[in-house]
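Examination of the molecular architecture
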Amino acid sequence: MENIDVTVLRVLQGWRASGQRALLATVVKTWGSSPRPVGSIMALSETGAVVGSVSGGCIEDDLIYRYRSSHTGGNVVHEIPLGKPQRVVYGVSADEAHRFGLPCGGTLELVLEFNPDPDLLHSLINELAHGNMVERRTQLATGDVIQQQVSTPKALTDDGNYLSNTFGPEYRMLLIGAGQLAECLSSMAISCGFAVTVCDPREEYLNGNSLPGVTIARGMPDDVVREFQVDRRSCVIALTHDPKLDDLALLEALDTDAFYVGAIGSRRNNDARRSRLVEHFEKTQASMIRLRGPIGIYIGSKTPPEIAVSVMAEVLAVKNCVALTRDMAVGPAKDLSNLRVA
């Protein structure tokens, strides 16, 4: 499963390349509670097909009704028009907010772009496929679009003249070590839009596991990390419990821009790992501040699926820049739990 934004853009490009009329809807402003954040996108074709979302479904239904080409009883319902972008606001009144399923009186403002250029969409998708981040800038008076590479993500801006939205390549996860935990974690990561690679030079581990939708790397972990071209939208997680495999991969990963680097294991194992890296590989405690372990948030997990939930939750929190409190970490939370039991 690819990044949802990439999926929306890819499907929209296919509709436009085939000659269908279609629109791109972008959430540009919210007030109160909103089902989808600013920057969320969806596409709607003239047949009524929808990809992506801007709400829980009611607003999508209204857009389909308003802009789908349809002939019913001789009456023509609105078709997707040509021309400059339009603004649409939902949920101004409490009744309308309730009608469109916006919680707590929320209000949502969209910009609708009609019939985006398929060649520009193809160019945008190609840049994302090559790992580049792109700012898409739409002139609201004309619908003209300018696209350019950027080095860092930017928040959506809408100054009334231009709408600028930044699109990034999909997030990637590199797991060191096949096994049941890797199977569970990769499945969750894929459902969250990550592209997953599992690295394990041990054929017996790869042969005994089902990893649908996962790229398999059979090289030594340190070589695979280098070849992976880890960037700031990548995470590297060591799962083998084997220092010969985990340590070398972590050494390479810590020298990259990965947003998350971590290893499975108990507090004792993680302390031993840090000591090895300092003693034998010239690392310092300061240079390993980015190394996470024990990984995951504390939910009392025991089984591989539960551990995968714990790890995936922490990865997503770090990805989304959510600060986790100390008592959510495995070590401190276990200590607190033991004190309560005592």
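The notes below deal with the structure included here. (Residues numbered from 1 in each chain as written. Predicted model: local features only at pLDDT ≥ 70, side-chain atom pairs only at ≥ 80, totals over all residues. Heavy atoms only, no water.)

Adjacent strands of a sheet pair through backbone hydrogen bonds, lying either parallel or antiparallel. The five strands are arranged β3-β2-β1-β7-β6 in an open sheet whose pairing can be described as antiparallel. Edge positions in the open sheet fall to β3 (50–52) and β6 (86–90), since each of these has one partner strand only. Neighbouring strand axes in the sheet, compared pairwise and without regard to direction, differ in orientation by 25 degrees on average. Note: β6 against strand β7 (residues 107–114), five bridges, orientation antiparallel. Bridge pairing in β7 places Val88 opposite Leu110. (Pairing = 2+ DSSP bridges. Helix = DSSP H or I, 4+ residues; strand = E, 2+ residues; numbered from the N terminus. Axes fitted to C-alpha atoms, helices over the stretch in contact; angles between N-to-C directions.)

A few words on the packing of helix α1 (residues 4–17) against helix α4 (residues 118–129). Relative to each other, α1 and α4 sit at 150 degrees, their axes nearing to 9 Å. Looking at the two axes, α1 sits roughly antiparallel to α4. In this structure, α1 meets α4 at a crossing whose hand is left-handed. Packed against α1, whose contacting residues are Val6, Leu9, Arg10, Leu12, Gln13, Arg16 and Ala17, the element α4 presents Pro118, Leu121, His122, Leu124, Ile125 and Leu128 at the interface. Along the lines of polarity and charge, the residues of the contact of α1 with α4 split into nine nonpolar, two polar and two charged. (Parallel < 35°, antiparallel > 145°, perpendicular 65-115°, else oblique. Left-handed = near helix turned anticlockwise from the far one by under 90°. Contact = heavy atoms within 4.5 Å. Nonpolar A, V, L, I, M, F, W, Y, C, P; charged D, E, K, R; others polar.)

The topology assignment puts Thr197 in strand β13 (residues 195–199). Residue Thr197 is classed as buried on the basis of its relative accessible area of 11%. In contact with Thr197, other than residues within four places in its own chain, are Met173, Leu174, Leu175, Val214, Thr215, Ala217 and Phe228. (Buried < 20%, exposed > 50% of the residue type's maximum accessible area, 1.4 Å probe, protein only.)

Residue pairs three or four apart in sequence face the same way in an α-helix, which turns once every 3.6 residues. An ideal rise of 1.5 Å per residue puts 16 Å on twelve residues; helix α5 (residues 180–191) measures up with 17 Å between its terminal C-alpha atoms. Taken together, the buried positions of α5 are Leu181, Ala182, Cys184, Leu185, Ser186, Ala189 and Ile190. Check the buried side of α5 and you find it contacts β12 (172–176), β13, β15 (234–238) and α10 (304–319). Where α5 terminates, the next one or two residues include Gly193, which has phi positive at roughly 95 degrees. (Expected span 1.5 Å × (residues − 1).)

Here the focus is the packing of aromatic side chains. Scanning the entire structure with this criterion turns up three aromatic pairs. Of the aromatic side chains, those joined through ring pairs into one cluster are Tyr171, Phe194 and Phe259. In this arrangement the basic side chain of Arg202 is found over the ring face of Tyr205, its NZ or CZ atom lying 3.7 Å from the centre. Residue placement shows Arg233 over the ring face of Tyr171; its charged tip is 4.2 Å from the ring centre. (Phe/Tyr/Trp six-rings, centres within 6.5 Å; stacked < 30°, edge-to-face > 60°. Lys NZ or Arg CZ within 6 Å of the ring centre and 35° of its normal.)

Burial of nonpolar side chains together is a common tendency in soluble globular proteins. Counting residues in hydrophobic clusters, the biggest one holds 28 residues, and the most contacted among them are Met173, Leu175, Phe194, Val196, Ile237 and Val315. Of all the secondary structure elements, the ones that give two or more residues to this core are β12, α5, β13, β15 and α10. If you tally residues by element for this core, the top one is α5, at six residues. The contact partners of Ile237, leaving out residues within four places of it in the chain, are Met173, Leu174, Leu175, Ile176, Leu185, Tyr260, Gly262, Ile295, Val311 and Val315. Listed in part, the 21 residues of the second largest apolar core include Val230, Ala249, Leu251 and Leu291. (Core = buried A, V, L, I, M, F, W, Y, C linked by side-chain atoms within 4.5 Å.)

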